[in-house]
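Listed below, chain by chain, are the residues.
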Amino acid sequence: MRIIGPDYLVFGVDDLEGSRTYLQDFGLKPVQLDATGWLYEALDGTGVVIRHRDDPKLPPALQTKNMLRQQVFGVEDAATIDAIEAEMSRDRRVTRLADGAIEFQDVLGFELRFQVTRRRTLNMPAEKINAPGAPAQRAPNELGVTDDVPALPRSLSHVVLFVPDIDKMVEFYTRRLGFVITDILTGAGPFLRPAANDDHHTHFFIRTPAYMQGCEHLAFHMGGPTELMVAGDRFTRKGYQSFWGPGRHKFGSNWFWYFNSPLGVHFEYDADMDKHDDAWVAREAPNGPEASQVFLLQWREKWAPGGGPEGGAKG
Amino acid sequence: MASLPLCHRDDIPEGAARGFLPLPDAPRRVIVVRRGTRLDAYMDACPHYTGGTPMAWRRDAYLNGEGTHLACHAHGALFDIDTGACVSGPCLGRKLTRVALTEDQAGYLSVPAHVAGRAAREE
Ligand code: FES
Ligand SMILES: [Fe+2]
């Protein structure tokens, strides 16, 4: 099944104005969908849809207070939609929408929608680096960083879910929707990617009690580690609360920086994630600080050596 | 008992919450919520994960959208403002750590000095 990954994640929030400011400051562009809904999009058109939680246009909420209402997946073609519809219709209700998309619930009641992807093809360079022994990636006089680097989220990368029954979820997403497990953090859960996406993961499941079911975080790909640092630094300076990072994960190799949000989930900037094909054999490591990251740093105010000894020079 | 000045009661608008650092380099803020004459103070440390993690989504944004509960904006846990008890979300059954406030006659608030080192628990 030629599933690419999440095009949009839909949220029903209790603080609509705060959420709108947050998403804009995070670097996403608002597109008004109708009188009560907004898409905040990354450069390729993927992104986050928000409405007030009482908006009747939203799919039903989970039993928990989690604000995630729906995952909208992009697929390569209409034939994939038909194939998913046929497979899902075997044991659940599937709704076909006027625009050709389909909706149904997964095995734990997460609301899903599948559409032929609306993402735009990006054509822009990755962050370039120079290193001894390798051909220079930047031309002479081409600068590595300036104060005005755009550092905007390029694409919706992945979503992490709190799930009460990992086995059922893994079975459903692998056997029924063709996802592949790329790595496993024992005690937490598996990383997965869909068949038409070579990113290390578009999904990660974390085992939790039923009262926690929902979204843990979502992430956007940046153009490289510098863009991630610049975006996170600017976001922190605007008063937003860092939760974890910056650092670099082991599984997936992606740089990360997580922030709290009024959507009740973490928003992550990520960069430089590994790519995999079907030859890859999943690794397994016990969940914990060692397996989670190669290194972890913490933001601080800008500072520079200088100014002389406290109280002025002596003698 | 040694104590640290935190803020003045009027630094916190009616019905709002604010976070204050007990020392400039303290690892955690102290949240103060003001409702009428009542003041409640807790460590800015959600009990969901070991060591506790900061709860606002933006500076001083500690309440849920309706302003009825303290909220952790990491995973949406809601806490009763009177007791600090988690009433919904991942840390159900746990509590925020209450901080004892002392108020002088002019309305200045202070906290026990040990709260500035609370993240010694952190690992
Ligand atoms: S860290 Fe506060 S709810 Fe998870
Ligand atoms: Fe992530």
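Cut-offs and rules
Residues numbered from 1 in each chain as written. Chains lettered and ligands numbered in written order. Predicted model: local features only at pLDDT ≥ 70, side-chain atom pairs only at ≥ 80, totals over all residues. Heavy atoms only, no water. Helix = DSSP H or I, 4+ residues; strand = E, 2+ residues; numbered from the N terminus. Contact = heavy atoms within 4.5 Å. UniProt positions renumbered as here; feature names shortened; annotations may be inferred. Core = buried A, V, L, I, M, F, W, Y, C linked by side-chain atoms within 4.5 Å. Buried < 20%, exposed > 50% of the residue type's maximum accessible area, 1.4 Å probe, protein only. Domains from an automatic or database assignment. 1 Å grid on protein atoms, 1.4 Å probe; cavity = no way out; pocket = protein on both sides within 12 Å on 5 of 7 lines; lining within 4 Å. Points joined across faces, edges and corners; volume = space filled by probe spheres on them. Nonpolar A, V, L, I, M, F, W, Y, C, P; charged D, E, K, R; others polar. Phe/Tyr/Trp six-rings, centres within 6.5 Å; stacked < 30°, edge-to-face > 60°. Donors = N, O, S within 2.8 Å, 3.2 Å for Na, K, Ca; no water. Expected span 1.5 Å × (residues − 1). Buried area = accessible area lost by both parts, 1.4 Å probe. Salt bridge = Lys/Arg side-chain N within 4 Å of Asp/Glu carboxyl O. Polar contact = N/O pair within 3.5 Å; in protein donor to acceptor, adjacent residues only side chain to side chain. pLDDT = per-residue confidence, 0-100. Pairing = 2+ DSSP bridges. Axes fitted to C-alpha atoms, helices over the stretch in contact; angles between N-to-C directions.

Per an unreviewed UniProt entry, chain B carries the name Rieske 2Fe-2S domain-containing protein and comes from Paracoccus aestuariivivens.

Going by an unreviewed UniProt entry, chain A carries the name Glyoxalase and comes from Paracoccus aestuariivivens.

Student: Give a description of the environment of A56(B) that names residues and reports values.
Tutor: Structurally, the position occupied by A56(B) is in the loop between β4 (38-43) and β5 (70-72). Separated by 19 residues in the primary sequence, A56(B) and H75(B) place their C-alpha atoms 11 Å from one another. When near neighbours in sequence (up to four residues on either side) are disregarded, A56(B) contacts Q241(A), N260(A), D44(B), A61(B), Y62(B) and H73(B).

Student: How would you explain the UniProt feature "domain: VOC" (unreviewed entry) in chain A if you had to name every residue and give the values?
Tutor: Residues annotated by UniProt as "domain: VOC" (unreviewed entry) correspond here to residues 155-272 of chain A. Along residues 155-272 of chain A one finds 20% helix and 44% strand; the C-alpha atoms at either end are 12 Å apart.

Student: Summarise the nonpolar core; cite the residues concerned and give the values.
Tutor: Across soluble globular proteins, nonpolar side chains show a tendency to be buried alongside one another. Of all hydrophobic cores here, the largest spans 63 residues; its most connected members are F11(A), I50(A), F114(A) and F267(A). If you tally residues by element for this core, the top one is helix α3 (residues 166-176) of chain A, at five residues. Two domains each provide a minimum of three residues to this core, namely domain 1 (3-120) and domain 2 (181-296) of chain A. Setting aside residues no more than four positions away along its own chain, I50(A) makes contact with F11(A), V13(A), L16(A), S19(A), R20(A), L23(A), T36(A), G37(A), W38(A), Y40(A) and L263(A). Membership of the second largest hydrophobic core comes to 21 residues, among which are V33(B), M55(B), L70(B) and A77(B).

Student: Could you give an account of the layout of surface pockets, naming the residues involved and the relevant values?
Tutor: Residue and element names in this part refer to chain A. Here the second largest pocket is characterised by a volume of approximately 710 Å³. Lining the second largest pocket are 30 residues, with R154, S155, D199, H221 and K275 sitting closest to its centre. For the lining of the second largest pocket, the residue count by class is 12 nonpolar, nine polar and nine charged. Counting contributing residues per domain, the lining of the second largest pocket is built from domain 1 (3-120) and domain 2 (181-296), each supplying no fewer than three.

Student: Report on the packing of aromatic side chains, specifying residues and quantitative values.
Tutor: Residue and element names in this part refer to chain A. One pass over the structure, following the stated rule, counts 28 aromatic pairs over all chains. With a centroid separation of 5.2 Å and 75° between ring planes, the pair formed by Y22 and F235 is classed as edge-to-face. Note that Y22 is positioned in helix α1 (residues 16-26) and F235 in helix α4 (residues 225-237), a separation of 213 residues in sequence. Of the two residues examined, Y22 and F235, each falls in the buried class. Taking the centre distance of 4.8 Å and the plane angle of 50° together, the rings of W244 and F256 count as tilted. Here F256 lies in strand β15 (residues 255-259) and W244 lies in strand β14 (residues 242-248), a separation of 12 residues in the sequence.

Student: Describe the coordination of the iron ion (ligand 2), and please don't skip the residues or the numbers.
Tutor: All names here are of chain A. Every protein donor of the iron ion (ligand 2) is accounted for by H158 (NE2), H217 (NE2) and E268 (OE), and the metal-donor separations fall at 2.0 to 2.2 Å. As a motif over one chain, the donors of the iron ion (ligand 2) read H-x58-H-x50-E. Pair noted here: H158 is in strand β9 (residues 155-163) and E268 is in strand β16 (residues 266-271), with a separation of 110 residues, a long-range link. In terms of burial, H158 and E268 fall into one category: buried.

Student: Describe α4(A), with residues and values.
Tutor: All names here are of chain A. With 13 residues, α4 extends 18 Å from end C-alpha to end C-alpha; this agrees with the ideal 18 Å at 1.5 Å per step. Residues E227, L228, V230, A231, G232, D233, F235 and T236 constitute the buried set of α4. On its buried face, α4 sits against α1, β14, β15 and β16.

Student: Can you lay out the interface of chain B and chain A for me, pointing to particular residues and giving the numbers?
Tutor: Contact residues are listed per partner, giving 21 residues for chain B and 23 residues for chain A. Here chain B packs against chain A, burying approximately 1,800 Å² in sum over the two surfaces, 55% of which is carbon and sulfur. Area buried by chain B at its contact with chain A is led by W57(B), R58(B) and H75(B), which between them contribute 32% of it. Applying the counting rule to chain B against chain A returns one salt bridge. When the shortest N-O distance is used, the salt bridge between E66(B) and R53(A) registers 3.1 Å. The interface formed by chain B and chain A holds eight residue pairs in polar contact (both at pLDDT 80 or more) in total. When grouped by side-chain class, the residues that make up the side of chain B that touches chain A number nine nonpolar, nine polar and three charged.

Student: If you had to explain the confidence of the model for chain B to someone new, which residues and values would you point to?
Tutor: Where the model shows low pLDDT, its predicted coordinates should not be examined in detail. Looking at chain B as a whole, the pLDDT averages 92, with 94% of positions reaching at least 70. Overall fold confidence (pTM) sits at 0.94, and the ipTM for the predicted complex is 0.89.

Student: Before we move on, could you go through the sheet that holds β4(B) and cite the residues and values that matter?
Tutor: Residues and elements named next belong to chain B. If you walk across this open sheet you meet the three strands as β2-β3-β4, and the pairing is antiparallel. Each edge of the sheet is formed by a strand with only one pairing partner; in this case those strands are β2 (17-20) and β4. Within this sheet the neighbouring strands show an average axis-to-axis angle of 25°, counted without direction. With six bridges joining them, strand β3 (residues 30-35) and β4 adopt antiparallel strand pairing. Paired with V33 across the two strands is D40, which belongs to β4.

Student: Hey, could you go over empty space enclosed by the protein for me, with residue numbers and the actual values?
Tutor: Summed over all chains, the structure comprises two cavities of 30 Å³ or more. Taken together, G239(A), Y240(A), Q241(A), R29(B), A56(B), R58(B), R59(B), D60(B) and Y62(B) make up the full set of residues lining the largest cavity. In terms of residue class, the lining of the largest cavity is built from three nonpolar, two polar and four charged.

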